[in-house]
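One letter stands for each residue in the lines below.
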Amino acid sequence: MTIASVKKKFKSMLAALLLCTGLLSSSVVLAQDKPVRIGVPTSVQLQVGRDTLTAVKMAVDEINKKGGVLGRKFEFVSADETENPETGISAIKKLTADEKVDLLIGGYTSGVTLAQLPHISAAKTIYLGVGAASPSITNKVKQDYDNYKYIFRVGPVNAAHQARGLVDFISKFVIGELGYKKIAIVGENAKWVQDLVPILSKGAKDVGADIRMTELFDTQTSDFSPLLAKVKSSGAEYMVVVLSHASSDVFAKQWHDAQVPVPYGGIDVKSMDGDFFNRIGGKSISQIAANFAVRAPITKKTVPFFDEFKKNSSNFPVYSAFFAYDAVFIYADAVKRAGSFETDKVIKELEKTKHEGVAGEITFDEQHDVQAGPGKVNFMFVQWQDKGERAVIYPKELRTGKFIMPPWMKK
Amino acid sequence: MKAFKGLDTLSSIGGLVALLFLGVLPTLFTGKYLVGVLTVAAIYGIWAVSWDFMSGLTGRENFGHSLFIGVGAYAAGFLNVHFGLGPWWSLPASMLVAMVFAVVLGFPTLRLKGPYFALAMLSSAVIMQRLMLIFWEYTGGEEGIHDITPLIVNPLHYYWFVLAVLGGITLLLSWMARSRWGLILRAIRGDEATCLAAGLPITTYKIMSLVISAAFAGLGGALYAHYQLQVSPQLFAVVTSITIITMVYVGGMGTIFGAVGGALLLTVMTESLRNFGEWRLMVYSLLLIFILFFLPNGIIAPIWQKIRNLGRPS
Amino acid sequence: MEILIYGAVTSAIYAMLAVGFTLIFGVARILNLAHGSFYALGAYLAYVLTTLAGLPLWLAALLSIVIVAVFGVLVEKILIRPLRASQLGVLMISLATALVVEQALFLTFGSEYRNVPAFIETKYNLFGVDVAGQRLLTLAVATVSIGGLYGFIQFTRLGSAILAISQDPLAAKYMGIPSDRIFSLVMAISAGLAALAGVMAGPFLSVQPSMHLLPIVKAFAIVVVGGLGSIPGSIAAAFMLGYAETIVAYMVSSSWTEIVSVLATLLMLVFRPAGLFGKRAAF
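Bear in mind the structure is a predicted one, so any value in this text is a computation, not a measurement.

Here we look at the overall build of chain A
For chain A, the count of helices and strands is 14 helices and 14 strands. Dimensions of chain A, computed from C-alpha atoms along their principal axes, come out at roughly 110 × 40 × 35 Å. Taking all 411 residues of chain A together, 61% fall into the buried category. Of the contacts formed within chain A by residues at least 6 apart in sequence, a portion of 69% connects residues at least 24 apart. Per element, the accessible surface of chain A, about 15700 Å² overall, is 56% carbon and sulfur. Here chain A holds 53 positive side-chain charges and 45 negative ones, and the gap between their average locations is 4 Å.

See below:
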């Protein structure tokens, strides 16, 4: 062994060491740069889904502009869960097993979400729900915390809260201001409605309503004439609807064309679409739908959000958008507070969330369910009026217009 | 008879190789995704094979196969969730329930010919689907029963289990198809009157084959329930029956093993088409038309025939 | 009273669909599962031509019917005829066609409901029942078109040719009747009728890509009950089923309506496969 060869060996060893260090550090740096992937399972075909995605995109862009969180940028990928549990499960599998997302934000149909839960739990991925209302979803958090602690609902407020919101509307507005005591309750036969209606019926009776009929119809129904005729003959003065997946378009059209002498309103998700009025030729006039936010300063973030959203999409946002937007920030803030992306630590911080969202303040109860109440997320009732204008009718403090009757019922 | 035995040896070797290949496949890739797809493919394989046994052989196309699948799956769901029984009870229970339905439906409908039988079974499946929705208080309605406990938690092990069941059923039904049983079923397809004249108890055979077909379909349904951990009325849908029929068509009607190939091919194809996003179902349907037009004998069976004939002098 | 009128409208639509379906079966022995697609295309074309091309409603309707009729003929010629030997083959290819059409509509228009403007926007009050004008018009149109079709078949030479082929294809061929051309004609009529139903019903029923499914199930049910190949049978069965459904919807609840038609099919198949008026048994 000559000195030259030892030197050579030493040099090569040094080079190798440097190379290794370089690689290691770059991989560490790369790990730092690896973006946070958000999986969005939602009903891509519907406005609810499209708006969820637009909102997530808006939030992600804003966060990335500020440099991301803990040095990592955000990105998102979507999967169509349609309204079918089977497709929903496969969407979750695709997102968690194939796309390996770090976080899930989405949801719409309660039945689909319920079916997805065991698979989300198996994948140990945090899920922030933004569209499904059944209380059963967050009940699982209480029943089996260890397995289901990953589940949170950022919005909407669950069906029980919604029922109470409706009861308020009935008691103070329908009975209180319009003087209509006789009501009919009509809803689609979906899980969240099955959860909601009993609470609604009892609450309504307690405030003095005379429920003339209650009917849950098949979500696939396309001919409502028998139903509308029944409502008319029941003597009801106001029809309270609970619709989300059903064909609100067809319902409104048929109600209008038959000039049913009973005004209606309630929860009607599809009627919240910005172009609902126009696409059915204005036939939803005087219909009232519950919403969580309109372009009004409910919180500091509401109006800027609506305006920014309109720039990103051709319409005003529906409810899932508010919560999807908030969800991304809620997660980002929880990560910042936890100082890490580690799931369990983030969950602990998520539980302590107190976030000023688009529709109100977001806090979670012990079941990871968003809370309702003053200052928090609440219902407001918005009516379709002439030329497709919308006015907030209830609560009184937020009223922006006068209530109108259907055109054929004007005195 | 020797040729008959020879057939079996070559086929069984081929089957074994295929089985081993399928079993090993997911271990080559990391991630749970492939296992998931293959498990679903294997379950569809069970459904396809069970359909082929009855309809492929007798020529009585059963457009309501989804009914047996659905009742098997719901039986599993009910026992597991509403009665709290352990998941392993579902397997024999689902088979039993499906078999009962087969007997009840088989008697009145099997004497119908051609498209009428298909239609009767289709109608039955649709009615069952509707009933599940109407009695939503008991069946969970549109969202079905969820929270079913898995049979085997480890996805890879469950996959091997399902694969083993698939292999077992395929073997059993292939053997039956090549035995006297299959001969009689094929004879029924050819000319019922002659069979009757020959004194064969046709009705018994027809009902028995439907019952066997239903039993395995129900079993598949239970396996599916414990995999998806959820059952919904979608299982009864016409689409399910049609998908299975297509798989058998692609594989080669009446060949039993072809059905397995068809199921695997189509399931994998559907999943890989996910990249086409919205165009997925469209591409699938167009592919279907293409196959129907140009490959009426299916793909799998003819290919296997060619492979077999390679070693033979012409 | 409402039952009477609403039932009539429902039955009318069903009749239009069933008659076309049974016609093509009676004449060409084709169980065309894409029949529902003609209905869907009729509605969608009406939507496209009025909303996007801005044509007046009556013109859009006419064009829709013609286009769908042509489409039907093409489907029959290109896709179905080569496979006519196998019943299952025809079934599957027509089904695949229906799926392709559904997907095409879905890709073009999305899955949300579309709105087709109605011919008549006013409401009428008939015997104390509020009925939308469009529904009444549908009833009228259905009556006229089916009546016209029946007259055509009974009283014209071409109609006799059609009857001849349906009764005995071989003999008809010997008589020099060009069966292939007749098939195309019948397909055109069948598709056109379905499209007309779509155009009429689109305004008040739902227009979305999967709208072809329910009509085909109902049409199947009606045709089986009435007897495959019998036009009067289809009309009678259409009314029976239409009314049965409407009665069930009013008395019990809308959820049971689906079962009515399917159950009727099943029972009829089990007890009397030839249907009420069918001449041949479930061959």
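Some details on the side chain of N158 of chain A
Residues and elements named next belong to chain A. By the secondary structure assignment, N158 is in the loop between β5 (151-153) and α7 (159-175). On the basis of relative accessible area, N158 is assigned to the buried category, the value being 8%. In this structure the side chain of N158 is engaged in a polar contact, spanning 3.0 Å, whose partner is the backbone nitrogen of A160. In terms of polar contacts, N158 uses its side chain to reach the side chain of D369, at 2.7 Å.

Let's talk about helix α10 (residues 248-257) of chain A
All names here are of chain A. Burial analysis of α10 places ten of its ten residues in the buried class, which makes it a mostly covered element. When α10 is considered as a whole, its buried residues turn out to be S248, D249, V250, F251, A252, K253, Q254, W255, H256 and D257. A positive phi of about 45° marks Q259, the residue just after α10.

Regarding the pattern of salt bridges
Residue and element names in this part refer to chain A. Evaluation of the coordinates by the stated rule reveals 24 salt bridges over all chains. A salt bridge links D257 to K283, with the nearest nitrogen and oxygen atoms 3.1 Å apart. With D257 in helix α10 and K283 in the loop between α11 (276-279) and β10 (288-291), this residue pair connects regions lying 26 residues apart in the sequence. We note that D257, like K283, is buried. Its salt-bridge partner being K336, residue D333 comes within 3.7 Å of it at the nearest N-O pair. With a gap of three residues between them, D333 and K336 both fall in helix α13 (residues 319-338), about one helical turn apart.

Considerations on the interface of chain B and chain C
In this assembly, 34 residues from chain B lie in contact with 36 residues from chain C. Three residues stand out in chain B for area buried against chain C, namely Y116, L119 and F293 of chain B, and they jointly supply 20% of the buried area on that side. If you look at where chain B meets chain C, you find zero salt bridges. For the pair chain B and chain C, the number of links is zero residue pairs in polar contact (both at pLDDT 80 or more). Among the elements of the structure, α4 (90-109), α5 (114-134), α11 (238-251) and α13 (280-294) of chain B are those that each provide at least two residues to the side of chain B that touches chain C. The dominant element in the side of chain B that touches chain C, judged by the number of residues it contributes, is α5 of chain B, at eleven residues. For the side of chain B that touches chain C, the per-class residue count stands at 24 nonpolar, five polar and five charged.

So, the pairing of strand β14 (residues 390-394) of chain A
All names here are of chain A. For β14, the buried fraction is high: four of the five residues fall into the buried class. The pairing of strand β13 (residues 380-384) with β14 spans four bridges and is classified as antiparallel. Bridge pairing links Q383 to A391 in β14. In this structure, the hairpin formed by β13 and β14 is closed by a connection of five residues, where K387 is found at a positive phi of approximately 60°.

Structural notes on unusual backbone geometry
With an omega of -10°, the peptide bond running from G155 of chain A to P156 of chain A counts as cis. When you line up the elements, P156 of chain A lands in the loop between β5 and α7. Between Y394 of chain A and the following residue, P395 of chain A, the backbone shows a cis peptide bond with an omega angle of 5°. Turning to its location among the elements, P395 of chain A is positioned in the segment after β14. One non-glycine residue, K124 of chain A, lies in positive phi territory at about 50°. Unlike most non-glycine residues, L229 of chain B shows phi in positive territory, near 65°. Mapped onto the elements, L229 of chain B comes out in the loop between α10 (202-228) and β2 (230-231).

As for the confidence of the model for chain B
Residues and elements named next belong to chain B. Mean pLDDT for chain B: 81, with 92% of residues reaching 70 or above. Mean pLDDT across the secondary structure elements of chain B bottoms out at helix α1 (residues 2-28), with 67, and peaks at helix α3 (residues 65-82), with 91. Every residue in residues 1-7 scores below 50 in pLDDT, and together they form two contacts with partners more than four places removed in sequence or on other chains. Both scores are given for the predicted complex: the pTM is 0.79, the ipTM 0.73.

Some words on the sheet that holds strand β8 (residues 238-243) of chain A
All names here are of chain A. Spatial strand order, β7-β6-β8-β9-β10-β13-β14: seven strands in an open sheet with mixed pairing. Edge positions in the open sheet fall to β7 (210-217) and β14, since each of these has one partner strand only. Along the sheet, successive strands turn relative to each other by an average axial angle of 25°, direction set aside. Pairing analysis gives seven bridges linking strand β6 (residues 182-188) to β7, with the strands arranged parallel. Bridging from a neighbouring strand, G187 pairs with L216 of β7. In this fold α10 packs onto β6, β8 and β9 (264-268), with an angle of close to 165° to the strand it touches most, β8.

Topic: helix α9 (residues 213-226) of chain C
Along its 14 residues, α9 of chain C runs 20 Å from first to last C-alpha, staying within 8% of the 20 Å computed at 1.5 Å per residue. Where α9 of chain C terminates, the next one or two residues include G227 of chain C, which has phi positive at roughly 105°.

Examining the packing of helix α1 (residues 2-28) of chain C against α9 of chain C
Residues and elements named next belong to chain C. With their axes 9 Å apart at the nearest point, α1 and α9 run at an angle of 70° to one another. The orientation of α1 relative to α9 falls into the category roughly perpendicular. Between α1 and α9 the crossing geometry is right-handed. Between α1 and α9, the contacting residues are Y14, L17, A18, F21 and T22 on the first element and P215, I216, K218, A219, F220, I222 and V223 on the second. For the contact of α1 with α9, the class distribution of residues is ten nonpolar, one polar and one charged.

Describing the interface of chain B and chain A
At the interface, 20 residues of chain B touch 28 residues of chain A. Seen at the junction of chain B and chain A, the total is two residue pairs in polar contact (both at pLDDT 80 or more). Within the residue set of the side of chain B that touches chain A, elements represented by two or more residues are α5 and α10 of chain B. Tallying contributions element by element places α10 of chain B first for the side of chain B that touches chain A, with three residues. By residue class, the composition of the side of chain B that touches chain A is seven nonpolar, six polar and seven charged.

Quick word on the environment of G298 of chain B
Residues and elements named next belong to chain B. Structurally, G298 is set in the loop between α13 and α14 (300-310). Separated by 51 residues in sequence, G298 and M247 have C-alpha atoms that sit 9.0 Å apart. Residues in contact with G298, not counting those within four places in the same chain, are Y249, V250, G251 and G252.

Observations concerning the pairing of β8 of chain A
Residue and element names in this part refer to chain A. In terms of burial, β8 is largely enclosed, as six of its six residues are buried. Of the two faces of β8, both are covered, the one formed by Y238, V240 and V242 as well as the one formed by M239, V241 and L243. Pairing between β6 and β8: five bridges, direction parallel. Bridge pairing in β8 links V186 to V241. Judged from the five bridges that link them, β8 and β9 form a sheet pairing that is parallel. Bridging across to β9, V242 finds its partner in I267. Regarding the hand of the β-α-β motif, the stretch spanning β8, α10 and β9 is right-handed.

Thresholds, definitions, all that
- Residues numbered from 1 in each chain as written.
- Chains lettered and ligands numbered in written order.
- Predicted model: local features only at pLDDT ≥ 70, side-chain atom pairs only at ≥ 80, totals over all residues.
- Heavy atoms only, no water.
- Helix = DSSP H or I, 4+ residues; strand = E, 2+ residues; numbered from the N terminus.
- Buried < 20%, exposed > 50% of the residue type's maximum accessible area, 1.4 Å probe, protein only.
- Contact = heavy atoms within 4.5 Å.
- Areas by Shrake-Rupley, 256 points an atom, 1.4 Å probe, with all protein chains shown as cover.
- Lys, Arg positive; Asp, Glu negative; His and termini not counted.
- Charge placed at Lys NZ, Arg CZ, Asp CG, Glu CD.
- Polar contact = N/O pair within 3.5 Å; in protein donor to acceptor, adjacent residues only side chain to side chain.
- Salt bridge = Lys/Arg side-chain N within 4 Å of Asp/Glu carboxyl O.
- Buried area = accessible area lost by both parts, 1.4 Å probe.
- Nonpolar A, V, L, I, M, F, W, Y, C, P; charged D, E, K, R; others polar.
- Pairing = 2+ DSSP bridges.
- pLDDT = per-residue confidence, 0-100.
- Axes fitted to C-alpha atoms, helices over the stretch in contact; angles between N-to-C directions.
- Expected span 1.5 Å × (residues − 1).
- Parallel < 35°, antiparallel > 145°, perpendicular 65-115°, else oblique.
- Left-handed = near helix turned anticlockwise from the far one by under 90°.
- Right-handed = clockwise from strand over helix to strand, strands pointing away.

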